[in-house]
Amino acid sequence: MGNADTKLNFRKAVVQLTSKTQPIDAGDDSFWDQFWAENVTNVQDVFTLVPAPEIRALREEAPSNLATLCYKAVEKLVKAVDNSCRTHHEQQTVLNCVRLLTRVLPYIFEDPDWRGFFWSSLPGQTQDDEEEQSMPLAQSLINAICDLLFCPDFTVAANRKSGPDKAEDLQAIDSCEYIWEAGVGFAHSPPRYPTHDSNRTELLKLLLTCFSETMYQPPVDIHVAPNRWIQYFTCAENRHALPMFTSLLNTVCAYDPVGLGVPYNHLLFSDSMEPLVDTALQILIVTLDHDTSGCAPEGEEASVPDNLFINYLSRIHRDEDFHFVLRGFTKLLNNPLVQTYLPNSTKKVQFHQELLVFFWKMCDYNKKFLYYVLKSTDVLEILVPILYHLNDSRADQSRVGLMHIGVFILLLLSGERNFGVRLNKPYTATIPMDIPVFTGTHADLLITVFHKIITTGHQRLQPLFDCLLTILVNVSPYLKTLSMVASTKLLHLLEAFSTPWFLFSSPTNHHLVFFLLEIFNNIIQYQFDGNSNLVYTIIRKRQVFHSLANLPCDYGTIAKSLTKRTRRHLPSTTSSENIRELPSMEGSHPALPAEPGTLKATLPDTPGIEKMTEKESAHPSVHQLCELTAVATVNGVASNETPLLKQSSGPPAVSQQSPSSPESNVRQGDGEELPRSKSMPNASPGSPTPSIHSTNSSRSANTNRRKTSDSSISSMQRSVSQRQSIRLTEAHSLAQGSGTAVSGGMGAGGQWVPTSEWVNSWKTKLPLQTIMRMLQVLVPQVEKICIDKGLTDESEILKFLQHGTLVGLLPVPHPILIRKYQANSGTTTWFRTYMWGVIYLRNVDPPIWYDTDVKLFEIQRV
């Protein structure tokens, strides 16, 4: 009964505050103390007893009372710091002030006229110190919160026995001695108390609320409208910046949700750490928000001295620190995916989106950490949960943001050679995913999930197709052995993307075909050994390549193809392989349909792939290649013979070797037999000449063994300049995302219409020569084996292909072109919007920003 009375008194004070027509005197302590006396004991009560309409009414009709309420609450926090917050009464007063400010601040931010309020000087100050007098209310609030976050016996354990009479002066305390958790830069593991965790969480929630002013402004460049709260919190004026950063980082990375692993322990005991880790992680990603697109290039010191959090993060360099941070990421990202015999027996955390944003920022600001991650196979412990979330979210509109962040991280990782190499590690299915069962590597998993996203994902994911295929292009030169399942998926994508109705329906759809052909060329040129599954699949599906090479471009065919557009769309272009999916993993769940009532995906448009990547070749310059060619010619290597086209009765072009390649995964019996006597046409004369090959490239396992044929060197010598211009034109047209030199026309309704000239402009640049030469050599030989030996089992054909080689028969290997992620303001704005959207939705207890007028994104109401 007594508790009900105290809540009633608090409620009466709120009503009195909003109903008073005259401003209430700031000196009337008996009135103001009702708001932070021990009437209310939890934050939920404050949110219930101070309803949103009354806060807005207070703001509009009694603004001076609202201003006094905020001022008095901050004043109470400052006084508590002065008194070292030593008694239970003072600590309860602090918590109630914190809860009240957390409730009120969003309604101050949503009104543009109030945004400057906290940055004005304190009213009616009596201090003699002019510096203190000029300090804005916001700085006083942040200073008090930071002091209180390192308050012995309130938020940290006291290092020495103090007692209320011997409490340390909070303003003079060395907070580096009170870092919350062992880890980076701090070896001591302090004792943990649930009440301290709870108090830290409430103070951090208020900090996060202060930083949320960003949500009440439309998406703008942070340089134009910086968040002053974050600026001050992360600058040198905040003496707690270093221990604060270290405490947040170590708290997140040291957290173990499973603990001792006792089944169902999370249902029996409350975990005070999870809310703290959740909020600490959100504070971290928000304070690390900075536009890096204008930073110095790699190798030079980036100029971001104003944000100490970014400064500290970028300076972490010890391997043991990287190990600690990476172990934290992998442990927490994989936690929700762990399968146990007892359902729901282990605790599963839900902050995977914030973790991915933090991982992104860690890699972005600290390149040494990125290289450390790629140096070990632990990068696969990051890859697998990302692929799980991509697969699980692909059909849900409300999780489009999660799809983007996952793809962006993979794009960043794929720009480094080590990532492609790591993908060759065998994959053992340990998590439930509704994908075909296969025996293979992590590369097979990557391709299978990407295929699933493209063919069965939500239609709004189509802008991501470029990114997905760019990732596969980047890793393709290093993939040693693809499974039959992955090979079939890649060919199915080409089959779907190369249909005339799809190619002619958009000015940029043909870029997807260029990407896929580049994937095939990279694998054939650099990893032919071991990829017999892919080679066999290409042979079986050779008609797709012939149809592409002979793509009709007359006006009548184009018009006829487009009439099918209304009846067909990409996901429905499923071949027999796609329909006859292999059984799904046991326990897997299909992607959920889009659900209303969550964050409406009004994220800024994703920048085109050309805005996010820069191309980098692993090979020598054109000048060096010309010199190499000249040396080869002087030594008499050049020849005009083309062995590929010679009719010879000598040994077959595919020579038998010892089985040195890795064991391939062979799919048994597809039911499709090779035609017995179909001859292969010659390589299309319109195919572009291959790009220049670097003779000393170290990026390929095969190139070192491959001897360049006479005709290849001769051909390279004759048309170096021609090939280089073709390569640059193709790369430019792909990267720019704006079509080729010739664009289509405009229809009557202002709609884009493909023309014959436009089709020809990119059709002649299709890099089909390598694949056509391979088919020209292999198809007759495979057909001959089938006829001679009466083969109907594809395993024999795979065995033949597995031990073969195309030494000296393919065009000169083209250079490996890696498209690296490059920071830009467009993706920075996108990340900021996504990050705050996630924070908005995840903070439901209490619902800090619910029903406020946010401007950064749009909320879909149910």
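What you see is a predicted model; the values in this text were computed from it and never measured.

Calculation rules
Residues numbered from 1 in each chain as written. Predicted model: local features only at pLDDT ≥ 70, side-chain atom pairs only at ≥ 80, totals over all residues. Heavy atoms only, no water. Helix = DSSP H or I, 4+ residues; strand = E, 2+ residues; numbered from the N terminus. Buried < 20%, exposed > 50% of the residue type's maximum accessible area, 1.4 Å probe, protein only. Contact = heavy atoms within 4.5 Å. Areas by Shrake-Rupley, 256 points an atom, 1.4 Å probe, with all protein chains shown as cover. Axes fitted to C-alpha atoms, helices over the stretch in contact; angles between N-to-C directions. Parallel < 35°, antiparallel > 145°, perpendicular 65-115°, else oblique. Left-handed = near helix turned anticlockwise from the far one by under 90°. Nonpolar A, V, L, I, M, F, W, Y, C, P; charged D, E, K, R; others polar. pLDDT = per-residue confidence, 0-100. Polar contact = N/O pair within 3.5 Å; in protein donor to acceptor, adjacent residues only side chain to side chain. Salt bridge = Lys/Arg side-chain N within 4 Å of Asp/Glu carboxyl O.

1. Here we look at the overall build of the protein
Okay, step 1: Looking only at helices and strands, one finds 37 helices and six strands in the protein.
Okay, step 2: Per-residue burial for the protein yields a buried fraction of 57% across its 862 residues.
Okay, step 3: Summarising the internal contacts of the protein: among those between residues at least 6 apart in sequence, 81% fall at separations of at least 24.
Okay, step 4: When the accessible area of the protein is evaluated, it comes to approximately 35900 Å², of which 52% is carbon and sulfur surface.

2. A closer look at the packing of helix α25 (residues 510-526) against helix α35 (residues 769-789)
Okay, step 1: Running from N to C, α25 and α35 point in directions that differ by 55 degrees, and their axes come no closer than 9 Å. On the basis of the axis angle, α25 is oblique to α35. In terms of crossing hand, the pair formed by α25 and α35 is left-handed. Between α25, through Leu-517, Phe-520, Asn-521, Ile-524 and Gln-525, and α35, the contact on the second element is made entirely by Thr-770, Ile-771 and Met-774.
Okay, step 2: Class assignment for the residues of the contact of α25 with α35 results in five nonpolar, three polar and no charged.

3. A closer look at the environment of His-492
Okay, step 1: Turning to its location among the elements, His-492 is positioned in helix α23 (residues 484-497).
Okay, step 2: Of the residues examined, His-492 reaches a relative accessible area of 4% and is grouped as buried.
Okay, step 3: Sequence separation between His-492 and Thr-455 is 37 residues, and the spatial gap between their C-alpha atoms is 9.7 Å.

4. With respect to the confidence of the model for the protein
Okay, step 1: Taken residue by residue, the protein gives an average pLDDT of 76. The fraction at 70 or more is 72%.
Okay, step 2: When the elements of the protein are averaged for pLDDT, helix α33 (residues 720-736) gives the smallest value, 31, and helix α9 (residues 194-211) the largest, 96.
Okay, step 3: Segment residues 566-591 is flagged for pLDDT under 50; beyond a separation of four residues in sequence, or across chains, it makes 54 contacts in the model.

5. A word on the side chain of Thr-833
Okay, step 1: Tracing the chain through its elements places Thr-833 in helix α37 (residues 825-842).
Okay, step 2: The buried category is assigned to Thr-833, whose relative accessible area is 1%.
Okay, step 3: Here Thr-829 takes part through its backbone oxygen, which lies 2.9 Å from a polar atom of the side chain of Thr-833.

6. Digging into the pattern of salt bridges
Okay, step 1: Counted by the stated rule, this structure contains 24 salt bridges.
Okay, step 2: Close ionic contact of Arg-842 with Asp-278 constitutes a salt bridge, the shortest N to O distance being 2.7 Å. Taken together, the residues Arg-842 in helix α37 and Asp-278 in helix α13 (residues 273-287) connect sequence positions 564 residues apart.
Okay, step 3: Owing to a relative accessible area of 15%, Asp-278 belongs among the buried residues under this scheme.
Okay, step 4: Put simply, Asp-392 and Arg-399 hold a salt bridge, and the shortest N to O gap is 3.2 Å.

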